[in-house]
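# Coordinate analysis (summary)
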Amino acid sequence: MARYDFASDNTAPAAPEAMEALFHANAAGFTPGYGADPVTAAAADAVRALLDADAEVRFVASGTAANAICLAALARPFESVLAHRHAHVLTDETGAPGLFGHGVGLTGLEGASGRIDLAALETALTEPEVSHRQPPAALSLTQATEYGVVYPGDDLAALCARAKSAGLGVHLDGARLANAAAAGFDLRRIGPMGVDLLVLGGAKSGMPPCEAIVIFDHALARRFDARLKQSGQLASKGRFLAAPFLGMLANGAWTRHAAHANAMAARLAAACPFPLAHPVEANGVFVHMDEARLEALRADGWFVYRFLDGTVRFMCSWATTTEAVDEIAAALRRIA
């Protein structure tokens, strides 16, 4: 049977802190529904404390839904969202932003290792507006990027500032924000740099299916729950989407587990005999590997796959062990 240890951080089990919090939420018995319960309130407070922000917080079941709902809140149907051309919202969400936004478009921008180049953003913002194409209304950023690279805080702030100067809203896809934080990114900068809506990652950081939407721009909070309800993301037992965050944030497990995942990626990168395609700054390792060797690795029992740029991706998680890293490193040496 194939091993999926490095196929994705989604393949890992949920962390004990998250599951224990779910158990305690269930043991609390009857509570108000639709997020009006004490568990959800406490989890929202924990998110605000993590970010040092006065923000509204909502909990949903899906990162794709969270991203699409946010982008639909920032752009009208005849407008578009600017994002890196390999951003998850462009390549892996089956047009969900356009569906939720009733026609909102997506425009891909260039940049190394998933980071948008400021010059590429400038070019997009200086394009003349014509009635035959959708003008940009928002910028979507990803931290850490799909290639396991972390924007330095100043670079992210510069992109936000340019977007804001052009009147754009800003969305931050933080599916792996925990890994960026563990790599040194200061979460307290997110609000002040001008992010309007943040998706704070749960599932990839070691939780069962749950994500947090953080609304920094309070004007966007009006009727946001109605938007969630229409999208099927206002859960009647919302406390079970919030509880894992409470458990993971209470004693720093969210960042601590991410630091472990990052360390496992660094260990794998150091032992890998194949050339690295991108800097290893978070929990992903991307290597150049031909098809014959990829098939040989799969035949050896390891399931991994090619990513968008043709490299082979290895993802580490909170549950990755040093033994597993050493085992797959040995397999890579055998096929190299």
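The residue numbering used here restarts from 1 in each chain and proceeds along that chain's sequence as written. Owing to the predicted nature of the model, reporting of local features is limited to residues with pLDDT of at least 70; listing and counting of side-chain atom pairs is limited to 80 or more, with chain, interface and lining totals taken over all residues. Each side-chain value is derived from all of the structure's non-hydrogen atoms; neither hydrogens nor water enter the calculation.

### Points about the nonpolar core
To define a nonpolar core, start from buried Ala, Val, Leu, Ile, Met, Phe, Trp, Tyr and Cys residues and group those joined through side-chain atoms within 4.5 Å. Burial classes follow relative accessibility: with a 1.4 Å probe on protein chains only, a residue under 20% of its type's maximum area counts as buried, one over 50% as exposed, and anything between as partly exposed. Judged by nonpolar contacts, the single largest core of 57 residues is most densely connected at Phe59, Leu141, Ile190 and Leu198. Look past the residues within four positions of Phe59 in its chain and what remains in contact with it is Thr40, Ala43, Ala44, Val47, Glu211, Ala212, Gln233, Leu241, Ala242 and Phe245. Within the second largest apolar cluster, 24 residues are counted, among which are Ile69, Ala83, Val199 and Ala221. Every residue pair with non-hydrogen atoms within 4.5 Å of one another is taken to be in contact.

### A short note on the sheet that holds strand E8 (residues 284–287)
In this description, strands pair whenever DSSP reports at least two bridges between them. Under the scheme used here, helices are H or I runs from DSSP no shorter than 4 residues and strands are E runs no shorter than 2 residues, and both carry numbers assigned from the N terminus. With antiparallel pairing, the three strands of this open sheet are ordered in space as E8-E10-E9. At either margin of the open sheet sits one strand with a lone partner, and together these are E8 and strand E9 (305–306).

### Things to note about the environment of Leu268
Inspection of the secondary structure assignment puts Leu268 in helix H11 (residues 253–271). Using a relative accessible area of 1% as the deciding quantity, one classes Leu268 as buried. Residues Leu268 and Asn283, 15 residues apart in the sequence, show an inter-C-alpha distance of 10.0 Å. Setting aside chain neighbours within four positions, we find Leu268 in contact with Phe6, Val285, Phe314, Val325, Ile328 and Leu332.

### Considerations on the pairing of strand E1 (residues 56–60)
With four of five residues buried, E1 lies mostly within the body of the structure. With five bridges joining them, E1 and strand E7 (residues 211–215) adopt antiparallel strand pairing. Bridge pairing in E7 places Glu56 opposite Ile215.

### Some details on the side chain of His278
With respect to the helices and strands, the residue His278 is situated in the loop between H11 and E8. Under the relative-accessibility criterion, His278 is labelled buried at 11%. Polar contacts involving the side chain of His278 include one to the side chain of Asp309, which spans 2.8 Å. Excluding residues that lie within four positions of it along the chain, His278 makes contacts with Ser113, Tyr147, Val149, Phe286 and Asp309. Any N or O atom pair separated by 3.5 Å or less is treated as a polar contact, with the protein-specific requirement of one donor-capable and one acceptor-capable atom, and with residues adjacent in sequence counted only for side-chain atom pairs.

### Focus on the pattern of salt bridges
One side-chain nitrogen of Lys or Arg within 4 Å of one carboxyl oxygen of Asp or Glu is enough to make a salt bridge. Per the stated rule, a full pass over the model turns up 19 salt bridges. Between Lys164 and Asp196 there is a salt bridge whose closest N-O contact spans 2.6 Å. Residue Lys164 is found in helix H7 (residues 153–165), and its partner Asp196 is found in the loop between helix H8 (177–182) and strand E6 (197–200); the two are separated by 32 residues along the sequence. Among the salt bridges present, the one from Arg267 reaches Asp326, with a minimum N-O distance of 3.0 Å. Residue Arg267 is found in helix H11, and its partner Asp326 is found in helix H13 (residues 322–335); the two are separated by 59 residues along the sequence. Classification of Arg267 by relative accessible area gives partly exposed; the value is 37%. Assessed through its relative accessible area of 35%, Asp326 is described here as partly exposed. Sharing partners across several salt bridges, the network here consists of Arg3, Asp5 and Glu327.

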